[in-house]
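So you can see what is in the structure, the chains are spelled out below.
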Amino acid sequence: MNIESKCRIVEMTRLDAVTFWMVLEVGKMVEKRGLRGGQFLHIKCGDGQLLRRPISVACAVPDEPEDLATLIFEVRGEGTEWLSRRKVGDELDVMGPLGNGFDAAQPGRYLLVGGGIGVPPLMQYGECLQWPRTAVLGFRTGAKAFPAITSRFQDHCEQTCICTDDGTLGRHGFVDAQVRDILERDRSYTAVLACGPKPMLKSVAKAAAEFGVPCQVSMEERMGCGVGACLVCSCGMKDGSVRHVCKDGPVFNAEEVDWDA
Amino acid sequence: MPDMSVKLAGVTLKNPVVVASGTFGFGREYSRFYDLGELGGICAKGLTLHPRTGNPAPRIAETPMGILNSVGLENPGVDVFIAEELPFLRQFDTKVIANISGNTPEEYGVMCEKLSAAGVDMIEVNISCPNVKAGGLAYGTRPELAAEVTEEAKKHANGVPVMVKLSPNVTDITEIAKAVEGAGADALSLINTIRGMRIDVNTRRPILRMNTGGLSGPAVLPVAVRMVWEVSQAVSLPILGMGGVSKGEDGAQLMLAGASAVAVGTALFADPFAPLKVRDGLADIAARQGLSAVSELTGGVKPW
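Please read all numbers here as calculations on a predicted model, not as lab measurements.

Undergrad: Just checking my understanding: could you explain the overall build of chain A for this structure?
TA: On a plain count of helices and strands, chain A comes out with six helices and 15 strands. Relative to the compact-globule value of 18 Å for 261 residues, chain A shows a C-alpha radius of gyration of 18 Å, a close match.

Here's what the structure looks like:
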């Protein structure tokens, strides 16, 4: 199975100083390999960087001549800085699809909870999930709630709540308070699907557990090989075992994760 | 096309390129990319007598032309390897080299008994892991302890060749090499990673959760070449050279310095096909230089 390929950039938009929206032609990765939001692509970021960078897929759709994958990323270091300087028409060395993505196959209602750059990996679920869903999207400040992203949720979810840490947009506060309010009124959700910084995931997982709603969390860890061989991206589990974000995740059942590891 | 086969401790490898322990798991992941039978050999992920969960994350940090890791020997234990992983590796036409670490010399012996009975082609004795507290590196930095572990491994390996993996974190690597040779080792592999550290200047925290880790990648290649050269002059054992190899020329340098075969590790993370490219690059160099066999490179350096 060939999981390494050259992918051409067909769209590159700067959302702000550090946030980029990139669309890649990914061969038939969607049709033939089932690429979907929440999985990641492992991208070589120039010859100066020894390691590839795992970038989450926001949205992946079949298309002609090639399927398209939308990646929304923040510049965090030299690798993503290199990536941010690519232009439409450039080719990238891409490994994928990698990782599992969220499991939303079961019919029902879903609660999507994203924080910061953890919002994009939920975009496809907000936009295309065949079941009704509610979205809770948290940002540090209103300027980070890019309409290009939030509108994808607002246009397709039953309800989209925006929270900001500084109160400049939507509700003032963290997403877990909003999640609690929603579950307090109605706990009949099939599952919570969450992506964001680890402290946020921990508090959302706690809230979901209090109301007896299953919760899936997308974890982030520094990665090496991206395929499960080098074992660096470990995630400690409650049963004392260790799993690996690249191969076993990035999405895990929240109740299996050891949040204090 | 030059003859690509080489001999390492009496074992014939179809080509001189092996994958380094700890970078290739037990082969399952990379078997999705190519037939593992293309490789000269596979050094499997380091094993311990009992399962280990390893160190907390972050376990990796990128550095200039290198990476630091502190995995801490996460592995399912030697028994699970024999029951579940070895049969998988055995499907491929390549040599399987088990890598072991112990807390005591006796543990090395017990693992050698189990692995030789299970049928591996070679046992790589790790006395140089920088990321675990007990055993590991301590055995690799003191000649008398290195010799004791080697003797114990040899005694229980039942004829399976024993290759001892040396640490570069010593004042004089040839002292350890000689001690290990005297204790009956069949081959040496070097270098393991060099201890290093990276600090995030904003948080003032080391990137690695264990503060320090082992450096690998192109940054260490010249150190590996120098150490292989020194060791090859000090002992008569065959050497598996490793450290920063990502292309044919890197492998050829190690062979010229005295290695009989080379291992590719960190380069895999960017390019799963790196070992095959190193193999093809070595074949090109040997052909270009008019050699009938790639093994003619070994020890061929002409020092000033």
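Now, onward.
Undergrad: What exactly am I supposed to notice about the environment of Gly258(B) here?
TA: Residues and elements named next belong to chain B. When you line up the elements, Gly-258 lands in the loop between helix H7 (248-257) and strand E16 (261-264). Gly-258 gets classed as buried once you count the C-beta atoms within 10 Å, which come to 24. With 12 residues separating them in the primary sequence, Gly-258 and Ala-270 have C-alpha atoms 27 Å apart. Residues within four places of Gly-258 in sequence aside, it is in contact with Val-228, Trp-229, Ser-232, Ile-239, Thr-298 and Gly-299.

Undergrad: Quick question: what am I supposed to make of the pairing of strand E4 (residues 53-61) of chain A here?
TA: As a general feature of sheets, a regular strand has side chains that alternate between the two faces. Residues and elements named next belong to chain A. Along E4, eight of the nine residues are buried, which leaves the element largely enclosed by surrounding structure. Note that strand E3 (residues 40-43) and E4 share four bridges and pair antiparallel. By the bridge assignment, Ile-43 is partnered in E4 with Arg-53. Where E4 folds back onto strand E5 (residues 68-74) in an antiparallel hairpin, the turn is made up of six residues.

Undergrad: Got a minute to help me understand the sheet that holds E3(A) in this structure?
TA: The strands making up a sheet are joined through hydrogen bonds of the backbone, oriented either antiparallel or parallel. Overall, antiparallel pairing links the six strands, which are arranged E1-E2-E5-E4-E3-E6 (chain A) in a closed barrel. Neighbour to neighbour, the strand axes of the sheet diverge by 45 degrees on average, direction disregarded.

Undergrad: Explanation requested: the nonpolar core in the structure shown.
TA: Side chains that are nonpolar tend, in soluble globular proteins, to be buried together. Residues Val204(A), Ile42(B), Ile123(B), Leu188(B) and Val228(B) are the most contacted members of the largest nonpolar core, which totals 184 residues. Tallying contributions element by element places helix H6 (residues 221-234) of chain B first for this core, with seven residues. Of the residues that make up this core, three or more belong to each of domain 1 (3-98) and domain 2 (110-256) of chain A. If sequence neighbours within four positions are ignored, Ile123(B) has contacts with Ala98(B), Ile100(B), Cys112(B), Leu115(B), Ala153(B), Ala157(B), Val160(B) and Val162(B).

Undergrad: What exactly am I supposed to notice about the sheet that holds strand E7 (residues 110-115) of chain A here?
TA: Residue and element names in this part refer to chain A. Pairing in this open sheet of seven strands is mixed, and the strands run E10-E9-E8-E7-E11-E12-E15 from one edge to the other. Strands at the two margins of the open sheet, each flanked by one partner only, are strand E10 (171-172) and strand E15 (251-253). Where E7 meets strand E11 (residues 191-195), five bridges bridge the pair, whose relative direction is parallel. Within E11, the residue paired with Gly-114 across the bridge is Cys-195. With respect to the sheet, helix H6 (residues 198-210) is in contact with E7, strand E8 (133-139), E11 and strand E12 (215-218), its orientation differing from that of E12 by roughly 175 degrees.

Undergrad: It is not clear to me how the packing of helix H5 (residues 173-182) of chain B against H6(B) should be interpreted in this structure. Could you clarify?
TA: Helices that pack against each other are described as a pair by the angle of their axes relative to one another and the distance between those axes. Residues and elements named next belong to chain B. It is the contact of H5 with H6, at a shortest axis distance of 9 Å, that shows an interaxial angle of 45 degrees. On the basis of their axis angle, the class for H5 and H6 is oblique. You can see that H5 and H6 cross each other, and the crossing is right-handed. Contacts from Ile-173, Thr-174, Ala-177 and Lys-178 in H5 reach Met-227, Glu-230, Val-231 and Ala-234 in H6. Here the residues of the contact of H5 with H6 sort into five nonpolar, one polar and two charged.

Undergrad: Teacher, can you tell me more about unusual backbone geometry here?
TA: Peptide bonds are mostly trans, and most non-glycine residues show a negative phi. Along the chain, Gly249(A) connects to Pro250(A) via a cis peptide bond; the corresponding omega equals 5 degrees. Relative to the elements of secondary structure, Pro250(A) occurs in the loop between strand E14 (242-244) and E15. In this model, Leu190(B) is joined to Ile191(B) through a cis peptide bond whose omega is 10 degrees. Following the sequence through the fold, Ile191(B) ends up in the loop between strand E10 (187-190) and strand E11 (194-197). A positive phi angle, near 55 degrees, is found at Leu73(B), a position not held by glycine. Its place among the elements puts Leu73(B) in the loop between strand E6 (66-69) and helix H1 (78-89).

Parameters at a glance
- Residues numbered from 1 in each chain as written.
- Chains lettered and ligands numbered in written order.
- Predicted model: local features only at pLDDT ≥ 70, side-chain atom pairs only at ≥ 80, totals over all residues.
- Helix = DSSP H or I, 4+ residues; strand = E, 2+ residues; numbered from the N terminus.
- Rg over C-alpha atoms; globule rule 2.2 N^0.38 Å.
- Buried ≥ 20, exposed ≤ 12 C-beta atoms within 10 Å, placed from the backbone.
- Contact = placed C-beta atoms within 7 Å.
- Pairing = 2+ DSSP bridges.
- Axes fitted to C-alpha atoms, helices over the stretch in contact; angles between N-to-C directions.
- Core = buried A, V, L, I, M, F, W, Y, C linked by C-beta atoms within 7 Å.
- Domains from an automatic or database assignment.
- Parallel < 35°, antiparallel > 145°, perpendicular 65-115°, else oblique.
- Left-handed = near helix turned anticlockwise from the far one by under 90°.
- Nonpolar A, V, L, I, M, F, W, Y, C, P; charged D, E, K, R; others polar.

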